[in-house]
Amino acid sequence: MGMETRLENLPNEILFETFGYLHALHVFSAFGSLNKRISSIFQSTPLRIIISKIHCRNQVDFLSSDLTFHVHQVISVKIDDTIRDDTSVINLLFNRHDFINLQFCKLITIHHSTKLDNVIQQIKTFDKLVSFNICNLNDITMNENDKYELARIMLMHQPSSLRTIVLQYPYNYSNILNTISLSSNITSLYLYINGSSLFASVNSVLVILRRCYSVRYLGLIMKDNTPANNNYFYNPIRIPFINEKYLPVLSHVIAFEFILYVVCNKALIRYLLRCMPNLKSFIFIFKPYKSKHFFPMDLLDGYAWQEMLELYVLYLLKFEFHMSIWKYCSQTDLNIVVNSFNILLRIEFIMLRTLNYHKHKSNIYTNMPLIPSGSFNTQSTMENIDDHYLFYKNEKDLRLYITSERPDITYFSPLFQQIEFFKLEISKIPSTWLNNFLNIVNFHGTSDDDAEEIVNYLSNWLYLAKECSNLTNLTILTELFIYSKFIDNSFLIPVFKRIELIETTFEDIYFPPSFSMKFVDRVPSLAYIELQVISFNDCVSIIDTFLSHLKNLSYIKIDYFEDSLLDDPFLLENIIEKRRQAFPMNIIHEQFMNVKNDGEVIEIWLK
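These numbers were taken from a predicted model, which means no experiment stands behind them.

Q: Explain helix α2 (residues 24-31) here, please?
A: Every α-helix winds through 3.6 residues per turn, so residues three or four apart in the chain are directed the same way. Taken together, the buried positions of α2 are occupied by Ala24, Leu25, Val27, Phe28 and Phe31. Where α2 is buried, its residues contact α1 (12-20), α3 (36-42), β1 (47-51) and α4 (57-67).

Spelled out as structure tokens, the structure:
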């Protein structure tokens, strides 16, 4: 018989990880009073509170009682205000407890009797808050004063730690438009805008967009709350004339979800898309309405959509839509509608070549574009499909975009085996609908299973350990690079030793200062580095490690989102002295060295 293992015999690391998968009510119920050792481990565990509509008041009171001595450990709350046998749960918990270390806050379906005074007062003091989310689509429940106060705080006085704002309750923002100020650390924004005049709301949207210069994930719901006439018909809104030369340009926005509860045509959509030239994902939802005199036929015209998307969003990789319309006019020919959308195909890049092409010495460079994994296909007249890699022997530059659509792999050898420059992008865009969109703006990141799947999938494209011996430049998502099964892979370590240029790209995870020593150990040949961190304080420790351990370093660029009150330690003379102490045999050309820090980016040139 195998030896029995008790819970108490498990090492601390496993217990810490186990607690991390449970929310606070489960932790208190299962582990609250087992023994002193587990209790001491529990004292250091971050807590996540989840209260949903299936819970009852006894469970909430039990949780609240145990929180008395552990509220400082709470980093995340997700609370449904109405449970099985009670309401105003949000008010109850925020009245009893001060969540001083809260990082993630989501409040759902706020009851009409709930007063958010204590919530609002606590939000003003939160200095670690990363994500704030209110999901309250029912316009009846929240009172106008709470709506105003929450909008004012979130859109005018954000803490420097805040990254995500989701105010998913109907509100007319006209009274605070001129005072909205979004700081550069806000990367995700979702607003629900309604009013008695969507003519005014369109202008409101454009005013808000002008404040979104650093936002990457944007969501908008627009609704006209003008009462319908006696027959429940709505009149179309009038889109104001806008000089397109003065539209804001949101170059950072890569994902946009747009939901309309209003009668309109494509003019409004065209204005918005023109503001987002680098958009990669667009989700459009047109909610049901009735209109007797106006029918937006151009929204059902695939040719019109194609023209608009090709003109304004050249980098679009995903377009999803859902449109529902009550139509009071002649019957629509569905064949015409469906056939018009058949032409919505992406531009194709076709590379046709003979196998002996590599014997021809040519100066022509094949500029192969970014490859979305879901649309890549390779075919050959060769009988052995495992020799397809021979057609890619001349390719030195691979830019791969891994999406959720991954076709069956029919070849066994990695296709790209001579790569020198590799850039990897990963789709974190939701598949559809609102809830999926919000999953990417709540800063939960990629799970270990997801990262492992990505690592395994990469082996179909290039086998880093053996074939790609020339790889020296790498652009990669931060959270994938720091993933232990990637950075600690024994087969990849020799590859990392050769890397001379590395650029990490940011989605949800910043480069952690605690990773810097492993980083210089894995990639000791680096000369060029670009990273993203949270604060300038992180820059200090990271750059100090790089200067002291990377002999070939010539350039560092680090984006940061929180400035520091501390003096900038990176004076040129300090850097020169540190390099001389670390590498006394290196030749230092002081005339070529420089430091630049503009409050958001620090750059250091050493050669």
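Q: Could you clarify how one ought to interpret empty space enclosed by the protein in this entry?
A: Over the atoms, a rolled probe matching the size of one water molecule traces out where space is still vacant. A full pass over the atoms with the stated rule returns one cavity of 30 Å³ or more. In terms of lining, the largest cavity is formed by Leu553, Arg579, Phe583, Asn586, Ile587, Ile588, His589, Met593, Leu606 and Lys607. Across the lining of the largest cavity, the residue classes tally to six nonpolar, two polar and two charged.

Q: Would you explain the side chain of Ser184 in this entry?
A: As for its position among the elements, Ser184 is in the loop between β5 (164-171) and β6 (188-195). Among the residues examined, Ser184 registers a relative accessible area of 17% and is labelled buried. Beyond its immediate sequence surroundings of up to four residues, Ser184 is in contact with Tyr213, Ser214, Phe561 and Glu600.

Q: Can you help me understand the confidence of the model for the protein chain in this one?
A: Low pLDDT marks stretches whose predicted atomic positions should not be read closely. In the predicted model, the protein chain carries a mean pLDDT of 78, and 76% of its residues have values of at least 70. Confidence, expressed as mean pLDDT per element, reaches its minimum in the protein chain at helix α12 (residues 433-439) with 33 and its maximum at helix α5 (residues 89-96) with 94. Residue range residues 357-364 is modelled with pLDDT below 50. Its contacts to residues more than four positions away, or to other chains, number five contacts. Within the model, the stretch residues 429-448 combines pLDDT values under 50 with 62 contacts to residues more than four positions away or in other chains.

Q: Even after reading the chapter, I still don't get the sheet that holds strand β11 (residues 318-323), so can you show me in this structure?
A: Two orientations exist for strands paired in a sheet by backbone hydrogen bonds: parallel and antiparallel. Reading across from one edge, β1-β2-β3-β4-β5-β6-β7-β8-β9-β11 is the order of the ten strands in this open sheet, with parallel pairing throughout. Each of the sheet's edge strands pairs with one partner strand only, and the pair in question is β1 and β11. Shown here is a sheet whose adjacent strand axes are inclined to one another by a mean of 10°, direction ignored. Of the pairings in the sheet, the one linking strand β3 (residues 104-108) to strand β4 (residues 131-135) comprises five bridges and is parallel in character. Counterpart to Cys105 in the pairing with β4 is Phe132. Contacting β1, β2 (74-80) and β3, α5 crosses the sheet at an angle of about 150° to β2. Where helix α9 (residues 266-274) meets the sheet, its contacts fall on β7 (217-224), β8 (255-261) and β9 (281-286), and the angle it forms with β8 comes to roughly 160°.

Conventions and cut-offs
Starting afresh in each chain, residues are numbered from 1 along the sequence in its written order. Local features in this predicted model are restricted to residues whose pLDDT is 70 or higher, and side-chain atom pairs enter the listing and the counts only when it is 80 or higher, whereas totals over whole chains, interfaces and linings include all residues. To obtain the side-chain values, all non-hydrogen atoms of the structure were used and water was disregarded. Each residue is placed in one exposure class: buried if its accessible area under a 1.4 Å probe, protein chains only, is under 20% of its type's maximum, exposed if it is over 50%, and partly exposed if it falls in between. Starting at the N terminus, helices and strands are each numbered in turn, a helix being any DSSP run of H or I of at least four residues and a strand any DSSP run of E of at least two. Every residue pair with non-hydrogen atoms within 4.5 Å of one another is taken to be in contact. Two kinds of site are reported from a 1 Å grid over the protein atoms alone, namely cavities, where a 1.4 Å probe fits but cannot get out, and pockets, open sets with protein on both sides within 12 Å along at least five of seven lines, and residues are called lining when an atom falls within 4 Å of a point. Grid points are joined across faces, edges and corners, and a volume is the space filled by probe spheres set on the points. Each residue is assigned to one of three groups, with Ala, Val, Leu, Ile, Met, Phe, Trp, Tyr, Cys and Pro labelled nonpolar, Asp, Glu, Lys and Arg labelled charged, and all others, Gly among them, labelled polar. Think of pLDDT as the predictor's per-residue confidence, scored from 0 to 100. Should DSSP find at least two bridges between two strands, the strands are taken to pair. Fitting a line to C-alpha atoms yields each axis, with helices limited to the stretch in contact; the angle taken between N-to-C directions then spans 0 to 180 degrees.

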